[in-house]
Amino acid sequence: MGEQLFYFLIYPGMLFAGVVGGLIAWVDRKVTARVQFRQGPPVLQPFYDFLKLLLVKETVLPKHGSAIFFLLAPVLGLFGATASALLILLPAFGITEGFRGDIIVLFYLLAIPSLMFVIGAMASGNPLSAVGASREIKLILSYELTFILVVAGVILKSGQTLYLDEIMMMQQTQGAFIGSISGVLLFVAALFTIQGKAGLVPFDLAEAETEIAEGTFMEYSGTAYAIIKYTKYILLFILPVFVAEIFFGGLTFTGIHILWSILKVVLVLVLMILIRNTNPRVKISQAMRFFLLWMNLLVIAGLVLHYLGL
Amino acid sequence: MWVFHFGGASCNNCDIEILDCLTPRYDVERFGMKLVGSPRHADVLLVNGSINGRDKARLLEVYEQAAKPIYVVAFGACGCTGGIFAEGLPFAGPVDTIIPVDAYIPGCPPKPEAMISGLMKLSETIK
C-alpha cells in the first residue's frame, strides 16, 4: 500500500510528472519565443507561475454556479492525469510491467482531464465558459475516434497484445513501428490527436483567449487555476512520452540509451511546438472535419497498408 | 506577472506601445510577463486612456472581479492625470481617484523602455 502511494504521489506520479512537465512547459515557451526571434522566459518561470497561483492569489468563486463542482472538477482532472501518468510512466521506467489491457484503460483515463475541464466550465455559470465547454466537447467527440483507431492500429501491429510493456519490448526486438509506412501514417494521426488533447494551438479553440477570454478556464483563479496548470504540465509531459512509447520503441534508462530516450521525447515535443507555432487556430467545424474525415481516413489507410504487409 | 490590459477611452497610441513590448525587440516575456485574457488570472491591471463616465463603472467591475492581490498600473498621461482630456465634460477622473494605483508610467505615449522600467520597479516593490 505504501509503495503504491509513493508511486502515485511522488515518483513517477504526481510530483515527478508535474516537475518534469513544468520544465517541458518552459521548453514550450522558450522554443515558441525563439521561433518568433524573442528571448523567452527564464527556466523556472512555470514554477514561479504555479507557486504564485497556489500560495498568493485569492480563489474567487462564481456568483451564479455550483461552487462544489467548480472546485472539485480540477482536482478530479488532476487525479485522472496522474493515474494516466502512472500507467504511461511505470512501464516506461521499467518499474512494473502493468497489467493486461492497460493501453485500453489508458484511453479512458486520458479523456478524464478534458471532461473535467468541461464540467468545471459548465459549473462556473459564465456564458463564455459555456461556449468554451461546448467547443471542448465537440473537439473530444472528434479526436477520440481517431485516438482509439490509432491505439487499435498499434495493437494490431504488435500482434494483438494489450500490454503497453510488451508493445515496447516487441519494438525493441523487431524494430520500431515508425519504420514502416503504416507506422508513419499512424504516427501523424497520433501527433495531431495529442495536439488536440493537450489543447495546443491549432486545436485550442476551447480556451481561445483572444475571442472567448480563455473559455473553459475563464472563471478559475488562485489555487483552482494552479491545479489546472499542474494538470496541463503533466499532460504536456506524458503525451509525448506515450507517443514515443508506442511508435519509437519505448524508453530505456541504461547507459547511452538514456540520451536516446530523452531525444525521442524531445523530438515529439518539438514537432508539437512547431505545429503549434506555424498554424492558426481552426474553427470548430474545420477541426471536426479534419479529425472525423481526414485523420480517420489516414488511420484507415494505415491499417489497410498494415494488412498488405507494409 | 500576468498582465490584464484595460483600455479606457484611449487614442490607441498607448495600446500600440504596449504591443511593442511583446515584440522581439523589447520582449517582456524575458521577465516572465505575459498578457492574459481574463481578469481572474491577472496580477497586474494595466489601465490606459482617459476614463470617462462609462468606463468608470466597467473599470470598477473589472477591478472587483480580479483575484486579489492585484496591482494597478496607470499607463500614459491620460491614465496618470487625464492629460489633455482632464477638463473635458465626460472625464470621470484619473485612475487613482477610482481605484488604488500602485505605479504610474507617464508619457504620451510612454516609450516601451519606460513601461519595462516601470513594471520592473513594481515587481521590486512586490518582493
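Enquirer: Outline the environment of Val201 of chain A, supporting the account with residue identities and numerical values.
Expert: All names here are of chain A. Structurally, Val201 can be placed in the loop between α9 (181–198) and α10 (209–212). Along the sequence, Val201 and Ile275 sit 74 residues apart, while their C-alpha atoms lie 7.9 Å from each other. If we ignore the near neighbours within four places in the chain, the residues touching Val201 are Gln195, Arg276, Asn279, Pro280 and Arg281.

Enquirer: Describe in detail the sheet that holds strand β4 (residues 71–75) of chain B, supporting the description with residues and values.
Expert: All names here are of chain B. Pairing is parallel across the open sheet formed by five strands, whose spatial order is β2-β1-β3-β4-β5. Bordering the open sheet on either side are β2 (34–35) and β5 (103–105), each of which pairs with just one other strand. Here β4 runs beside β5; their pairing, made up of three bridges, is parallel. Each residue of the ladder has a partner; that of Val73, found in β5, is Ala103. Running over the sheet, helix α4 (residues 112–126) touches β3 (44–48), β4 and β5 and is turned about 155° from β4.

Enquirer: Help me get a handle on the interface of chain B and chain A, residues and values and all.
Expert: Contacts between the two partners involve 22 residues from chain B, matched on the other side by 27 residues from chain A. Note on chain B versus chain A: buried area summed over both sides is about 1900 Å², and carbon and sulfur give 47% of it. When residues of chain B are sorted by the area they lose upon contact with chain A, Trp2, Glu29 and Arg40 of chain B head the list and together hold 32% of the total. At the junction of chain B with chain A, the criterion picks out two salt bridges.

Enquirer: Describe the confidence of the model for chain B, naming the residues involved and giving the relevant values.
Expert: Looking at chain B, pLDDT values average 81 and 99% of them are 70 or higher. The complex prediction reports pTM at 0.84, with the ipTM value standing at 0.78.

Enquirer: Any details on the nonpolar core? Residues and values, ideally.
Expert: Counting 107 residues, the largest nonpolar core has Leu89, Ile238 and Phe247 of chain A together with Leu45 and Val95 of chain B as its most contacted members. With 19 residues, the single largest contributor to this core is helix α11 (residues 222–247) of chain A.

Enquirer: Which residues make up the environment of Leu115 of chain A, and what values do they have?
Expert: Within the secondary structure, Leu115 of chain A sits in helix α6 (residues 112–124). Taking the C-alpha atoms as reference, Leu115 of chain A lies 32 Å from Val304 of chain A; in sequence the two are 189 residues apart.

Thresholds, definitions, all that
- Residues numbered from 1 in each chain as written.
- Chains lettered and ligands numbered in written order.
- Predicted model: local features only at pLDDT ≥ 70, side-chain atom pairs only at ≥ 80, totals over all residues.
- Heavy atoms only, no water.
- Helix = DSSP H or I, 4+ residues; strand = E, 2+ residues; numbered from the N terminus.
- Contact = heavy atoms within 4.5 Å.
- Pairing = 2+ DSSP bridges.
- Axes fitted to C-alpha atoms, helices over the stretch in contact; angles between N-to-C directions.
- Buried area = accessible area lost by both parts, 1.4 Å probe.
- Salt bridge = Lys/Arg side-chain N within 4 Å of Asp/Glu carboxyl O.
- pLDDT = per-residue confidence, 0-100.
- Core = buried A, V, L, I, M, F, W, Y, C linked by side-chain atoms within 4.5 Å.
- Buried < 20%, exposed > 50% of the residue type's maximum accessible area, 1.4 Å probe, protein only.

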